[in-house]
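# A closer look at the structure
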Amino acid sequence: MQTQQSLLFENLNFGLFSVDTKFKVNAINPVAEKILQLLPNKQHVFNELNGLGEITNLLTGILHHKEQIMKKKMQLNGHSLVVQSYPLIEKNKLVGSMVIMDDWTNIEKIANELRFSKEWEEKLRSVIELAYDGIILVDQKAEITMVNNGFCELYNVQSNELLGKSISNMYPDLGLDEALQTGVRITNVAKLIGKTQCLITILPIKNNEEIIGAICKITYRGLKHLQEAIKKVNNLEQQVTYYQKELNELKGTKYSFANIIGESSNIKRIKNEALAASNSLSTVLILGESGTGKELFAHGIHASSSQTGMFIQVNCAAIPPELLESEFFGYAEGSFTGAKKGGKKGKFEMAQNGTLFLDEIGDMPLSLQSKLLRVLQEKEFEPIGSNRIIKLQTKIIAATNQNLETLIKEGKFREDLYYRLNIMRINIPPLRERIEDIPDIAESIISKLKLSGFHLKGITHSALTKLLNYNWPGNVRELHNILERAANLTSDGYIDAQHLPESFNANANIFTSTENIRIDQTNTLLAYSEELNNKPYWNAIDHKEKELILAALKETNGNKAKASRILGISRTWLYEKIKKYNISI
Ligand SMILES: Nc1ncnc2c1ncn2[C@@H]1O[C@H](COP(=O)(O)OP(=O)(O)OP(=O)(O)O)[C@@H](O)[C@H]1O
């Protein structure tokens, strides 16, 4: 029992001590020792201690003047305290006093912080209220936390009908749910609300990497003036594009870095790498899935390089093997039967002082690989049947969507050529790893479609939200094709969700129909494809992806931050996948 009492005494979260009538401390707990800054296990006499005057006064009131309970708020040694002193009576005689010290320091700190955030909330409320547009805020759980008059007027509701409700139930089509899941911001996308034409901007609110809410701004007043301004900006943009094109034509390129759209950290990083790669004649190897923009980057590198010659592109997969050599090196007149009169310039010579872009390098036959390697090493070449030696002053950029390391292992690609090409290496990530870029790229594609004669006004918010939920196996090229197809289907100029292909919607649900696959069986594509008879390749990829995500979540006990680190993907992307595969944690 004694032990229990002392345990309790030792572990109280407030200070407690008692003194006898001579102010000598009889018992004191660790919290009190800490507040009073007294050394443990020492005999302390209160009126001999310095700096504790206020407490000594309380004790004096009780011990000398026989007062009853004394209570005081005080600051002591950096603590905000509420101190209470009680008389201790034994057999009707005053034998000492007991003191309780409540430490309010942390509580005061929290109160101050609360006051501070309350003030900020009030300021935010005023700013939001002053805004000309409709504004609505949700928290992490998609519950509406703030809404302004502009929003209420647009939807003809009262704010108290909305606060605390789920945005997913009230306004699912605004896309705030998606913003919370993907962390992607959407800027000024057209949407018809009732009969009012609006522009929607959605901004996820992040604390470090965590999404803690989202804000949606609906611009619906004064749109007419805005449209006029947009028209002017569009005209100016067209003029800039025209001059850019003229400039590109001089260098034989179709695109420059300005044509590479996207503000994601991924695309910014590779743009910087590409810019660095354009500063010298070092060879560049561009890797990436089909449709990620390898050719676009190659043009960009040439456009910003100081090479004054032409950009010459060769698709190594498209030239018949027997013509490859003459295509590359050219030939002298009469060098073989059927050779053209006057001979023919090869791609190398055509690209002198410019850039030779070797697309699909993984498909180059081995015999030509050896010849290419020799040219790269010796920096000179001879056209077939000629003894004219031409010094190479050409930037070489090679690209492929194949895994060259695998091709080397299979004996289909020369390792020494690989190292020769792999001096500046640019890895373009697939579109699904930079979905933040989709709104900007979609906008740029729509502008291009307009220039090519489509009467487009824009893309609706619901279509854009769908684009963000797709995994883009065909990357930017697929995005282009889907938007062009949609542009053909729209009648009012707005690309809407209904204009996106059926299969496109179905993709998000592939997994629900293949849920019962046994994961631990033979991991061969054949084994998968037997079970997934519809789209074996993509289903198997998705299947493997889900498997990896499940394994990472299992290993981290469902901790998504850790799981995303293990998988080497962003947390936003992981949330996206968890949603896609319906994984419950
Ligand atoms: N960041 C981007 N911004 C704008 N357009 C892009 C971007 N990336 C790719 N595109 C467009 O996507 C299409 C495909 O790009 P590109 O041909 O450069 O891809 P690729 O990787 O070379 O494909 P493949 O391996 O199939 O040859 C092109 O129309 C290109 O202009």
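The rules behind these values
Residues numbered from 1 in each chain as written. Predicted model: local features only at pLDDT ≥ 70, side-chain atom pairs only at ≥ 80, totals over all residues. Heavy atoms only, no water. Helix = DSSP H or I, 4+ residues; strand = E, 2+ residues; numbered from the N terminus. Buried < 20%, exposed > 50% of the residue type's maximum accessible area, 1.4 Å probe, protein only. Contact = heavy atoms within 4.5 Å. Areas by Shrake-Rupley, 256 points an atom, 1.4 Å probe, with all protein chains shown as cover. Phe/Tyr/Trp six-rings, centres within 6.5 Å; stacked < 30°, edge-to-face > 60°. Lys NZ or Arg CZ within 6 Å of the ring centre and 35° of its normal. Axes fitted to C-alpha atoms, helices over the stretch in contact; angles between N-to-C directions. Parallel < 35°, antiparallel > 145°, perpendicular 65-115°, else oblique. Left-handed = near helix turned anticlockwise from the far one by under 90°. Nonpolar A, V, L, I, M, F, W, Y, C, P; charged D, E, K, R; others polar. Pairing = 2+ DSSP bridges. Disulfide = S-S within 2.5 Å. Salt bridge = Lys/Arg side-chain N within 4 Å of Asp/Glu carboxyl O. Near = heavy atom within 4 Å. Polar contact = N/O pair within 3.5 Å; in protein donor to acceptor, adjacent residues only side chain to side chain. Core = buried A, V, L, I, M, F, W, Y, C linked by side-chain atoms within 4.5 Å. Domains from an automatic or database assignment. Expected span 1.5 Å × (residues − 1). Arc of directions from axis to C-beta.

Each helix and strand counted, the protein has 24 helices and 21 strands in total. The buried share of the protein, taken over its 585 residues, is 45%. Considering only intrachain contacts with a sequence separation of at least 6, the fraction spanning at least 24 residues in the protein is 60%. Summing over all exposed atoms, the protein offers an accessible surface of approximately 32200 Å²; the carbon and sulfur share of this is 52%.

For the structure on display, the rule yields 11 aromatic pairs. Members of the aromatic cluster, connected to one another through ring pairs, are Phe-328, Phe-329, Phe-348 and Phe-381. In this arrangement the basic side chain of Lys-123 is found over the ring face of Trp-120, its NZ or CZ atom lying 4.6 Å from the centre.

This next bit is on the packing of helix H16 (residues 438-451) against helix H17 (residues 461-468). Viewed as axis vectors pointing N to C, H16 and H17 meet at an angle of 125 degrees, and their least axial separation amounts to 10 Å. Between H16 and H17, the angle is such that the two are oblique. Seen from above, H16 lies across H17 with right-handed handedness. Residue-level contacts link Ile-438, Pro-439 and Ala-442 of H16 to Leu-464, Leu-467 and Leu-468 of H17. Looking at the contact of H16 with H17, its residues break down into 6 nonpolar, no polar and no charged.

What follows concerns unusual backbone geometry. With the exception of glycine, the majority of residues adopt a negative phi angle, and the majority of peptide bonds are in the trans configuration. Although it is not a glycine, Lys-66 adopts a positive phi angle of roughly 55 degrees. By the secondary structure assignment, Lys-66 is in the loop between helix H3 (53-63) and strand E3 (70-76). Judged by its relative accessible area of 57%, Lys-66 is exposed. Residues other than glycine seldom take positive phi values, yet Asn-353 does so here, at roughly 65 degrees. Position of Asn-353 among the secondary structure elements: in the loop between helix H12 (347-350) and strand E15 (355-359).

One open sheet accounts for 5 strands, arranged E7-E6-E10-E9-E8; its pairing is antiparallel. The open sheet has two edge strands, strand E7 (144-147) and strand E8 (186-193), and neither has a second partner. This sheet shows a mean twist of 25 degrees between the axes of neighbouring strands, independent of strand direction. In this sheet, E7 lies alongside strand E6 (residues 134-139) in antiparallel orientation, the contact comprising 3 bridges. Bridge pairing in E7 links Leu-137 to Met-146.

The final tally for this structure, using the stated rule, is 0 disulfides. In this structure Cys-198 is not part of a disulfide, and its nearest cysteine sulfur, from Cys-216, lies 9.6 Å away. Since its relative accessible area comes to 0%, Cys-198 is described here as buried.

Turning to the pattern of salt bridges, a few remarks are in order. Following the criterion strictly, the structure yields 16 salt bridges and no others. A salt bridge links Glu-380 to Lys-391; its shortest N-O distance comes to 2.7 Å. Within this pair, whereas Glu-380 is found in strand E16 (residues 380-381), its partner Lys-391 is found in strand E17 (residues 390-391), the two being separated by 11 residues in sequence. By relative accessible area, which is 24% here, Glu-380 ends up partly exposed. Here the salt bridges share partners, and the residues they tie into one network are Glu-121, Glu-122 and Arg-125.

Moving on, we get to the sheet that holds strand E19 (residues 424-428). Two modes of strand pairing occur in sheets, parallel and antiparallel, and in both the strands are linked by backbone hydrogen bonds. Pairing is parallel in the open sheet, where 5 strands are placed in the order E12-E15-E18-E11-E19. Edge positions in the open sheet fall to strand E12 (311-315) and E19, since each of these has one partner strand only. Adjacent strand axes in the sheet meet at a mean angle of 15 degrees when their direction is disregarded. Two strands pair when backbone bridges link them, and E15 and strand E18 (residues 395-400) are joined in this way by 4 bridges, in the parallel orientation. Pairing of Leu-356 across the sheet is with Ile-396, part of E18. On top of the sheet, helix H9 (residues 265-277) reaches strand E11 (284-288), E18 and E19; it is set at about 155 degrees to E19, its chief contact.

Another point: the environment of Lys-66. The spacing of Lys-66 and Leu-94 is 28 residues in sequence and 8.2 Å in space, taken between C-alpha atoms. Lys-66 has contacts with Gly-61 and Leu-94, leaving out every residue within four places of it along the chain.

Attention now moves to the site of the ligand. Residues in close proximity to the ligand total 14 residues, the closest being Ile-261, Ser-290, Gly-291, Lys-294 and Arg-477. The side chain of Lys-294 places a nitrogen or oxygen atom 2.6 Å from an oxygen atom of the ligand. Arg-477 has a polar side-chain atom sitting 2.9 Å from an oxygen atom of the ligand. For the ligand, whose unbound accessible area comes to 640 Å², protein coverage reaches 89%.

A general trend in soluble globular proteins is that nonpolar side chains are found buried together. One finds Leu-174, Ile-218 and Leu-467 to be the most contacted residues of the largest nonpolar core, which totals 55 residues. There are two domains that each give this core at least three residues, and those are domain 2 (122-221) and domain 4 (439-580). Apart from residues lying up to four places away in sequence, Leu-174 is in contact with Ile-136, Phe-151, Tyr-155, Lys-191, Ile-200, Ile-202, Cys-216, Ile-218 and His-461. Membership of the second largest hydrophobic core comes to 32 residues, among which are Val-314, Ile-319, Leu-358 and Tyr-418.

Looking now at H9. With 13 residues, H9 extends 18 Å from end C-alpha to end C-alpha; this agrees with the ideal 18 Å at 1.5 Å per step. Among the residues of H9, those classed as buried are Asn-266, Ile-267, Ile-270, Ala-274 and Ala-277. Buried residues along H9 cover an arc of 85 degrees about the axis, so they all sit on one side. Along H9, the residues that are exposed and aim more than 90 degrees away from the buried face are Ser-265 and Asn-272. Its buried side turned inward, H9 meets E11, helix H10 (294-304), E18 and E19.

The subject of this paragraph is the pairing of strand E10 (residues 210-219). Pairing of E6 with E10 involves 6 bridges; the strand directions are antiparallel. Opposite Gly-134, over in E10, you have Ile-218 as the bridge partner. The pairing of strand E9 (residues 196-207) with E10 spans 9 bridges and is classified as antiparallel. Across the sheet, the residue bridging to Thr-201 is Lys-217, located in E10. Counted between consecutive antiparallel strands, the loop separating E9 from E10 contains 2 residues, among which Asn-208 sits at a positive phi close to 55 degrees.

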